[in-house]
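Architecture and fold: a report
Each chain, letter by letter, is given below.
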Amino acid sequence: MLATKASSETDDDGTVRGRNGTPAYIRTAAERSLRHLGTDVIDLYYLHRVDPKVPIEESVGAMAELVAEGKVRHIGLSEASESTIRRARGASARCRADRVLVVLARRAAQR
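The shown structure was predicted, so the numbers you read here are calculated from the model rather than taken from an experiment. (Residues numbered from 1 in each chain as written. Predicted model: local features only at pLDDT ≥ 70, side-chain atom pairs only at ≥ 80, totals over all residues. Heavy atoms only, no water.)

The next point concerns the layout of surface pockets. If you add up the space inside the largest pocket, you get close to 160 Å³. Forming the boundary of the largest pocket are T4, K5, A6, S7, S8, T10, Y25, A29, R32, S33 and H48. Elements with a contribution of two residues or more to the lining of the largest pocket: β1 (3-6), β2 (8-10) and α1 (23-37). The residue inventory of the lining of the largest pocket, partitioned by class, reads three nonpolar, six polar and two charged. (1 Å grid on protein atoms, 1.4 Å probe; cavity = no way out; pocket = protein on both sides within 12 Å on 5 of 7 lines; lining within 4 Å. Points joined across faces, edges and corners; volume = space filled by probe spheres on them. Helix = DSSP H or I, 4+ residues; strand = E, 2+ residues; numbered from the N terminus. Nonpolar A, V, L, I, M, F, W, Y, C, P; charged D, E, K, R; others polar.)

If you want it as structure tokens, here you go:
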């Protein structure tokens, strides 16, 4: 299984610019990962940290588009709250992603 993530915007030269969950960056990061890993598909692509400035529906919608295009098999979230996970599931269903949304959440933080 090949898994990779998006979250902190990183330039090709390695410069880290900070958290970015915009659809444009999610796509750019996935395309860069495909190129750097020398593969045509990512088994699991997940948003490592939710960007509070971007609605999760937009971030997950961009990831679901990558699934529809065959570039990603499964999508997921890490360190997301329960309410964010619910909204993300709704977004992935509306985008007709044909893969299950894999949720990687740190539950201890919610208790």
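To continue, consider the side chain of D51. Mapped onto the secondary structure, D51 falls in the loop between β4 (42-47) and α2 (56-68). An unpaired buried charge is present at D51: no salt bridge exists, and K53, the closest side chain of opposite charge, is 5.8 Å distant. A distance of 2.9 Å separates a polar atom in the side chain of D51 from the backbone nitrogen of G21. Beyond its immediate sequence surroundings of up to four residues, D51 is in contact with R19, N20 and G21. (Buried < 20%, exposed > 50% of the residue type's maximum accessible area, 1.4 Å probe, protein only. Lys, Arg positive; Asp, Glu negative; His and termini not counted. Salt bridge = Lys/Arg side-chain N within 4 Å of Asp/Glu carboxyl O. Polar contact = N/O pair within 3.5 Å; in protein donor to acceptor, adjacent residues only side chain to side chain. Contact = heavy atoms within 4.5 Å.)

Our next topic: the nonpolar core. Counting residues in hydrophobic clusters, the biggest one holds 23 residues, and the most contacted among them are I26, Y45, I56, V60, V72 and L77. Listed by contribution, the elements that provide at least two residues to this core are α1, β4, α2, β5 (72-78) and α3 (82-94). Those residues in contact with V72 that lie beyond four places of it in its chain are V41, I42, Y45, L66 and V67. (Core = buried A, V, L, I, M, F, W, Y, C linked by side-chain atoms within 4.5 Å.)

Now for the pattern of salt bridges. Two side chains of opposite charge can pair, provided their charged atoms sit close to one another. The final tally for this structure, using the stated rule, is nine salt bridges. Close ionic contact of R27 with E65 constitutes a salt bridge, the shortest N to O distance being 3.6 Å. Taken together, the positions of R27 in helix α1 and E65 in helix α2 put the pair 38 residues apart, joining distant regions of the chain. For R27, a relative accessible area of 26% corresponds to the partly exposed category.

In terms of burial, β5 is largely enclosed, as five of its seven residues are buried. The pairing of β4 with β5 spans five bridges and is parallel. Bridge pairing in β5 places I42 opposite V72. Read from β4 through α2 to β5, the crossover connection turns out right-handed. (Pairing = 2+ DSSP bridges. Right-handed = clockwise from strand over helix to strand, strands pointing away.)

On to the environment of T84, then. One can find T84 in helix α3. T84 sits in the buried class, given a relative accessible area of 12%. Sequence separation of T84 and P55 is 29 residues, and the distance between their C-alpha atoms is 9.2 Å. Every residue in contact with T84, bar those within four places of it in the chain, is listed here: V50 and I56. A distance of 2.9 Å separates the side chain of T84 from the side chain of S81, its partner in a polar contact.

Over its 13 residues, α2 extends 18 Å from the first C-alpha to the last, a length consistent with the 18 Å expected when each residue adds 1.5 Å. I56, S59, V60, G61, A62, M63, A64, L66 and V67 are the residues of α2 that are buried. In the segment just after α2, G70 is the residue with positive phi, at about 80°. (Expected span 1.5 Å × (residues − 1).)

Such coordinate-based values are descriptive only and should not be taken to indicate function.
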